[in-house]
Amino acid sequence: GQQLNQSPQSMFIQEGEDVSMNCTSSSIFNTWLWYKQDPGEGPVLLIALYKAGELTSNGRLTAQFGITRKDSFLNISASIPSDVGIYFCAGFHTGNQFYFGTGTSLTVIP
Amino acid sequence: DTAVSQTPKYLVTQMGNDKSIKCEQNLGHDTMYWYKQDSKKFLKIMFSYNNKELIINETVPNRFSPKSPDKAHLNLHINSLELGDSAVYFCASSLSTFMGGTNEKLFFGSGTQLSVL
């Protein structure tokens, strides 16, 4: 199945720094989802986007649905140690399945 | 209340054995899935059921057989386990993915870590 290109693959940042990651696809989606996975747990939904250009926040997290409908972006402001984990994007088109990104591993150095 | 629950959390077994993983969702969703996450953390879809009907069956060995007794349950049975089956298996559900649903969200269970020795 299709796997979305997610970058960067990994990030090592200082506590307090902002984080940006993105996801690109060769296909158009009408839904973009962003997840965080902690070790030993399942992915947890952070933000859902349903409209091209949409900008949605969840606390310090902000995600955007790209205008082309082929990409999405996630920003984390003022990172804290508990932000550590793997972040996944997922794209979906009605009547189809969810396609996942390759993941971004985030390490926050206190 | 756990929305998507799967058991067991850990499964350690010998090569050649048969094992099952159970999954239940209390979200009232129509669509359920099994995903496999390998050591590189890639999430690969294995199967999808919509209201007890098999919709997606990716290239998965015949040793893997899903069963959905009702739309709230999707179990995974694995025959003749092999070393390469070691991975984390996730159950997930969404409202109505294949029936033209909009504003869809996908919810995951906490995973079953399968170790084949």
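You'll find the structure just up there.
First things first, this report covers the structure right here in the doc. (Residues numbered from 1 in each chain as written. Chains lettered and ligands numbered in written order. Predicted model: local features only at pLDDT ≥ 70, side-chain atom pairs only at ≥ 80, totals over all residues. Heavy atoms only, no water.)

So, the sheet that holds strand β3 (residues 19-25) of chain B
In a beta sheet, neighbouring strands are held together by backbone hydrogen bonds and run either parallel or antiparallel to one another.
All names here are of chain B.
So, step 1. Overall, antiparallel pairing links the four strands, which are arranged β1-β3-β8-β7 in an open sheet. Of all strands in the sheet, those bounded by a partner on one side alone are β1 (4-7) and β7 (64-70). Across the sheet, the axes of successive neighbouring strands diverge by a mean angle of 20°, strand direction being ignored.
So, step 2. Examined bridge by bridge, β1 and β3 share four bridges and lie antiparallel to one another. From the neighbouring strand, Q6 faces β3, where its bridge partner is C23. (Pairing = 2+ DSSP bridges. Helix = DSSP H or I, 4+ residues; strand = E, 2+ residues; numbered from the N terminus. Axes fitted to C-alpha atoms, helices over the stretch in contact; angles between N-to-C directions.)

A look at the interface of chain B and chain A
The accessible area lost on association of the parts is a frequent measure of interface size.
So, step 1. On the chain A side, the residues contacting the 24 residues of chain B number 23 residues.
So, step 2. Taken over both partners, the interface formed by chain B and chain A buries close to 1900 Å², and the fraction arising from carbon and sulfur atoms is 63%.
So, step 3. Put simply, chain B and chain A have four residue pairs in polar contact (both at pLDDT 80 or more) between them.
So, step 4. Partitioning the side of chain B that touches chain A into residue classes produces eleven nonpolar, eight polar and five charged. (Contact = heavy atoms within 4.5 Å. Buried area = accessible area lost by both parts, 1.4 Å probe. Polar contact = N/O pair within 3.5 Å; in protein donor to acceptor, adjacent residues only side chain to side chain. Nonpolar A, V, L, I, M, F, W, Y, C, P; charged D, E, K, R; others polar.)

Considerations on the state of the cysteines
Linking two cysteines covalently through their sulfur atoms gives a disulfide.
So, step 1. The final tally for this structure, using the stated rule, is two disulfides over all chains.
So, step 2. A disulfide bridge connects C23 of chain A with C89 of chain A, and the sulfur atoms are separated by 1.7 Å. Highlighted residues: C23 of chain A in strand β3 (residues 19-24) and C89 of chain A in strand β9 (residues 85-92), separated in sequence by 66 residues. As far as burial versus exposure is concerned, C23 of chain A and C89 of chain A are alike and both buried.
So, step 3. The disulfide partner of C23 of chain B is C91 of chain B, and the gap between their sulfur atoms is 1.8 Å. One quick way to see it: the torsion about the S-S bond of C23 of chain B and C91 of chain B is about -80°, and its sign makes the bridge left-handed. With C23 of chain B in strand β3 and C91 of chain B in strand β9 (residues 87-94), this pair connects stretches of sequence that are 68 residues apart.
So, step 4. Exposure remark for C91 of chain B: the relative accessible area of 0% places this residue in the buried category. (Disulfide = S-S within 2.5 Å. Buried < 20%, exposed > 50% of the residue type's maximum accessible area, 1.4 Å probe, protein only.)

Topic: the packing of aromatic side chains
So, step 1. In the structure shown here, the tally under the stated rule is twelve aromatic pairs over all chains.
So, step 2. With a centroid separation of 5.9 Å and 35° between ring planes, the pair formed by Y33 of chain B and Y35 of chain B is classed as tilted.
So, step 3. Judged by relative accessible area, which is 1%, Y35 of chain B ranks as buried.
So, step 4. Seen in terms of ring centroids, F90 of chain B and F108 of chain B are 6.1 Å apart; in terms of plane orientation they differ by 85°. Their pairing is edge-to-face. Separated by 18 residues along the polypeptide, F90 of chain B in strand β9 and F108 of chain B in strand β10 (residues 106-108) bring together distant segments of the chain. Take F90 of chain B and F108 of chain B: they sit in the same class, and that class is buried.
So, step 5. Linked through ring pairs, Y35, F92, F98 and F100 of chain A together with Y33, Y35, F90 and F108 of chain B together constitute an aromatic cluster. (Phe/Tyr/Trp six-rings, centres within 6.5 Å; stacked < 30°, edge-to-face > 60°.)

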